[in-house]
Structure formats: structure tokens, C-alpha cells
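# Architecture and fold: a report
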Amino acid sequence: VGYFYPYWQQRVEALRAGSLPLWNPHLFLGVPFLGNIQTGLFYPPNLPLIPFDAPRAVALSYVAHLWVAAAGMYLLARYRLQVGRPAAFLAGCVFAFGGFLAAQAGHINQVQTAVWLPALAFAYLAAHQRRSVWWALIGGGIIALQLTAGHPQELYLSLVCIGVLALCEAVRAAVSDDD
């Protein structure tokens, strides 16, 4: 509340006034606003939230991103991991409403970054299995969303997860080639 609400409010006020918030005069003797990735200034899903004050915008963003998390995990489980509908639904609920995203509710930029991991895994698996440039481009778009959401560490962790997934796929392919 003490960290993100002021950033969100300053961002909203500047964008409503038709200007790009370059500088934050409220911290120390002033600090770059545009240079602070945690402000989420260039994260596209934040644009529809401009009409709302910071507390309402953060709350709406959190709820919307829980839906992104649940839908992404459902799609990953159902269509890439080939589990049944009840198991995919459960996977979506566990990911979206589990401890990690609940614990990060006060760090909206971390939530906005982390929820894209299942969609990124879906895009990776679709690109890998279908040899599809289209799905690889979608994966790149998801990475861009994660980067602009404002928590680079969470993006790095997502990329490590995709790297482990790629390694598992390579091992699986090597083992099945030996059979």
C-alpha cells in the first residue's frame, strides 16, 4: 500500500493529464519515475485502469490477473499436459488461489508478472511440439508482458522454469529415441 499506491496514483494522474511521468518529485530530492520498472507504466493491461484511483485499480488488476492465472493453468493442464477437465480446473484454482499469489497480493507487479508463467509454458510446448514460429512469437509476446509488468526477478524465474521444461522435453525425446 505504501509503495505501490503512490506510484499507481502518480501514473494515473500524469496519464489523465496527457503527459508521460518522467520524474517522481516525492521521493528524496526526486527520482526517475519512467526509469523505475516497478511502476508498470508500459504494461498494456494497466491502460484500462486509468479511470480508477490507485486502490481500486490495484484491486481490479489483482482480480483480473487471478483469472489470467487460472485460465492459463487450466489451458496448460488441459491441452498441453492432456489431463481431464476436473484436474485442469483444479490445477487452475490451485495456481490462482494458492499461497504464492495470495502472499504476493501486496506486490501487484510480482502478481502481474507471475500469472503469465502457465501461458508461457503453453506457448513453449505448442511451439516445440508443433515446430510453430507463430507459437514462439506468442511466447515472446508473453515474455514482453512479463518484462513490462515490473518485476524482472519473476521473469527470470519464469525463464528458468521454461529452461527446465525444455531440458525435460529434450531428455524425454532422447529416451523415446532410444526405445
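Here is what the cut-offs are and how they apply
- Residues numbered from 1 in each chain as written.
- Predicted model: local features only at pLDDT ≥ 70, side-chain atom pairs only at ≥ 80, totals over all residues.
- Heavy atoms only, no water.
- Core = buried A, V, L, I, M, F, W, Y, C linked by side-chain atoms within 4.5 Å.
- Buried < 20%, exposed > 50% of the residue type's maximum accessible area, 1.4 Å probe, protein only.
- Helix = DSSP H or I, 4+ residues; strand = E, 2+ residues; numbered from the N terminus.
- Expected span 1.5 Å × (residues − 1).
- Phe/Tyr/Trp six-rings, centres within 6.5 Å; stacked < 30°, edge-to-face > 60°.
- Contact = heavy atoms within 4.5 Å.
- Axes fitted to C-alpha atoms, helices over the stretch in contact; angles between N-to-C directions.
- Parallel < 35°, antiparallel > 145°, perpendicular 65-115°, else oblique.
- Left-handed = near helix turned anticlockwise from the far one by under 90°.
- Nonpolar A, V, L, I, M, F, W, Y, C, P; charged D, E, K, R; others polar.

## Regarding the nonpolar core
Counting 35 residues, the largest nonpolar core has W8, L76, L101, I108, V115, W116 and W135 as its most contacted members. For this core, the elements supplying multiple residues, two or more each, are α1 (4-16), α2 (54-80), α5 (108-114), α6 (117-130) and α7 (133-149). By residue number, the principal contributor to this core is α2, which donates 9 residues.

## Notes on α2
Look at α2: 37 Å from first C-alpha to last across 27 residues, which is about the 39 Å you get at 1.5 Å a residue. Immediately downstream of α2, the backbone of Q82 shows phi near 60 degrees, a positive value.

## With respect to the packing of aromatic side chains
With the rule as written, the count across this model stands at 4 aromatic pairs. Centre to centre, the rings of Y3 and Y7 are 4.9 Å apart; their planes meet at 85 degrees, and the pair counts as edge-to-face. For Y3, a relative accessible area of 37% gives the class partly exposed. The buried category is assigned to Y7, whose relative accessible area is 6%.

## Considerations on helix α8 (residues 152-178)
Between the first and last C-alpha of α8 there are 39 Å, a value that for 27 residues agrees with the 39 Å anticipated at 1.5 Å per step. For α8, the complete set of buried residues consists of E154, L155, S158, I162 and E169. Check the buried side of α8 and you find it contacts α4 (99-103), α5, α6 and α7.

## So, the packing of α2 against α6
At a closest axis distance of 8 Å, the pairing of α2 and α6 adopts a crossing angle of 30 degrees. One finds that α2 runs roughly parallel with respect to α6. When you trace α2 past α6, the crossing you get is left-handed. Across from A69, G72, M73, L75, L76, Y79 and R80 in α2, the residues of α6 making contact are P118, A121, F122, L125, A126, Q129 and R130. Per-class residue counts for the contact of α2 with α6 are 10 nonpolar, 2 polar and 2 charged.

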